[in-house]
Amino acid sequence: MKYGFGIDLGGTTVKIAYFDETGAMLQKWEIPTVTTDGGKHILPHIAASIRDFINAYQINETAILGMGIGVPGPVDRKGVVNKCVNLGWGVFNIAEQLTELTGFPVKAGNDANVAALGEYWKGGGQGCDNMVFATLGTGVGGGIVIEGKLLHGAHGSGAEIGHMVLNRNETATCGCGKHGCVEQYCSATGIVRLAGLHGMHNVTCKDIFDAAKAGDKVALEVMDEYYEYLGEFLGSLCSVIDPEVVVLGGGVSKAGEMLLTGVEPYFHKYVFHAASNVKFALASLGNDAGAYGAFKLVLDSAK
Ligand code: ZN
């Protein structure tokens, strides 16, 4: 049996998990992400934590295939990170540096793409070869699996689906600097903003879901408008990708089945007819998706 590590590097914590080659998660733990000094302590801390784990459990290193890491920014296939603003990182090869520090082969990917790979492998997308994964949280991120392979893109920024443009007349500015991005409408932030336009102020996303579930007329209108934005966005995207499954994760997916049944009619209004036979599913790995996907990068590269 072979083993390896999956690492999900976030702005505040690093999640590290130890897997066997079947994808069983044997251990997981977290360390804080120390972003001082331009983020230069982050990789040495990860390497030291893994070294401590190997020593503590007297792990046979010849059985370790390597480690995968999901990074909050663009990463190309060779492992070159192209600026992770919230870590203080510029441009460098994370795979090479982490290999130097640990002695193990390293594969790196963008965190949202890697989480998509995790959901494809062990979560809501299991058993499908073509999958669109969208995380509807503070922003909108995602990942795309095509014929069993994760889309990385030529510049490591494949599947930045939150920055597809939905409304060219938008005047508010998106976090990316453009106007009218999917993220401005389809994120949790977008729902709260829509609620404001309907006169619901000082409410959270959960308040709106709860009110909609209780049959509140205004909340139902807000959700209906939200579902149309989401349906338009996913319909356009699926006309290109033609997936078997769309997996929805992030804070908005806590709305549960209501979200899936709400978006479906609008999805069918916008999607190309031949690509319309799509199953909608909720993400099922939660915060572990990144670690699963990161380890899958290692397994795929070892084939
Ligand atoms: Zn944007």
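Look above for the structure.
None of these values were measured; they are calculated from a predicted model.

Caption draft 1: Main features of the overall build of the chain. A tally of helices and strands in the chain yields 10 helices and 12 strands. The C-alpha atoms of the chain give a radius of gyration of 20 Å, which matches the 19 Å a tight globule of 303 residues would have. C-alpha atoms of the chain, sized along the principal axes, occupy 60 × 40 × 35 Å. Evaluated residue by residue, the chain yields a buried proportion of 52% over its 303 residues. Once local pairs closer than 6 in sequence are excluded, the contacts in the chain between residues at least 24 apart make up 60%. Of the roughly 13,600 Å² of accessible surface on the chain, a fraction of 51% belongs to carbon and sulfur atoms. The distance from the centre of the 22 positive side-chain charges to the centre of the 31 negative ones in the chain is 3 Å.

Caption draft 2: Broad picture of a negative patch on the surface. Taken together, the side chains of Asp129, Glu147, Asp242 and Glu244 present a region of like negative charge at the surface. With respect to the secondary-structure elements, aspartate 242 resides in the loop between α8 (217-241) and β11 (245-249). The class of aspartate 242 is partly exposed, set by a relative accessible area of 43%.

Caption draft 3: Looking closely at the packing of aromatic side chains. The full count for this structure, using the stated rule, is 14 aromatic pairs. Both rings, one in phenylalanine 5 and one in tyrosine 18, keep their centres 5.0 Å apart while their planes meet at 40°; by these two values the pair is tilted. With a gap of 13 residues between them, phenylalanine 5 in strand β1 (residues 3-9) and tyrosine 18 in strand β2 (residues 13-20) connect regions that are remote in the sequence. Between the aromatic rings of phenylalanine 19 and phenylalanine 295, the centroid separation amounts to 4.9 Å while the plane-to-plane angle is 5°, which identifies the pairing as stacked. Taken as a pair, phenylalanine 19 in strand β2 and phenylalanine 295 in helix α10 (residues 289-302) lie far apart in primary sequence, 276 residues in all. An aromatic cluster of three or more residues is present, and its members are Tyr3, Phe5, Tyr18, Trp29, Phe53 and Tyr57. Here the basic side chain of lysine 122 rests over the ring of tryptophan 121, its NZ or CZ set 5.0 Å away from the ring centre.

Caption draft 4: Structural context of the pattern of salt bridges. Scanning the entire structure with this criterion turns up 7 salt bridges. Linking lysine 28 and aspartate 288 is a salt bridge whose minimum nitrogen-to-oxygen distance equals 3.0 Å. Placement of the pair is lysine 28 in strand β3 (residues 25-32) and aspartate 288 in the loop between β12 (279-282) and α10, with a sequence separation of 260 residues. A salt bridge links glutamate 228 to lysine 269, with the shortest nitrogen-to-oxygen separation between them at 2.8 Å. Here glutamate 228, found in helix α8, pairs with lysine 269, found in helix α9 (residues 257-270); they are 41 residues apart in sequence, far enough to count as distant.

Caption draft 5: Examining the coordination of the zinc ion more closely. The zinc ion binds to the protein through His163 (ND1), Cys174 (SG), Cys176 (SG) and Cys181 (SG); the donor distances cover 2.0 to 2.3 Å. What the 4 donor atoms of the zinc ion show is an angle range of 105 to 115° at the metal, which sorts the shape as tetrahedral. In the primary sequence, the donor residues of the zinc ion line up as H-x10-C-x1-C-x4-C. By relative accessible area, cysteine 176 is classed as partly exposed at 37%.

Caption draft 6: Layout of the nonpolar core. Tyr226 and Phe233 are the most contacted members of the largest nonpolar core, which has 47 residues in total. Listing elements by their share of this core, those giving two or more residues are β8 (131-136), β9 (140-146), α5 (183-186), α6 (188-197), α7 (205-213), α8, β11 and α9. Top element by residues in this core is α8. It accounts for 11 residues. With sequence-adjacent residues up to four places away left out, tyrosine 226 is seen in contact with Leu136, Tyr185, Cys186, Ser187, Ile191, Leu194, Val252 and Leu259.

About the criteria used
- Residues numbered from 1 in each chain as written.
- Predicted model: local features only at pLDDT ≥ 70, side-chain atom pairs only at ≥ 80, totals over all residues.
- Heavy atoms only, no water.
- Helix = DSSP H or I, 4+ residues; strand = E, 2+ residues; numbered from the N terminus.
- Rg over C-alpha atoms; globule rule 2.2 N^0.38 Å.
- Buried < 20%, exposed > 50% of the residue type's maximum accessible area, 1.4 Å probe, protein only.
- Contact = heavy atoms within 4.5 Å.
- Areas by Shrake-Rupley, 256 points an atom, 1.4 Å probe, with all protein chains shown as cover.
- Lys, Arg positive; Asp, Glu negative; His and termini not counted.
- Charge placed at Lys NZ, Arg CZ, Asp CG, Glu CD.
- Patch = residues over 30% accessible without salt bridge, like charges linked within 9 Å, V, L, I, M, F, W, Y side chains within 5 Å.
- Salt bridge = Lys/Arg side-chain N within 4 Å of Asp/Glu carboxyl O.
- Phe/Tyr/Trp six-rings, centres within 6.5 Å; stacked < 30°, edge-to-face > 60°.
- Lys NZ or Arg CZ within 6 Å of the ring centre and 35° of its normal.
- Donors = N, O, S within 2.8 Å, 3.2 Å for Na, K, Ca; no water.
- Tetrahedral: all angles 85-135°; square planar, octahedral: opposite > 155°, others 65-115°.
- Core = buried A, V, L, I, M, F, W, Y, C linked by side-chain atoms within 4.5 Å.

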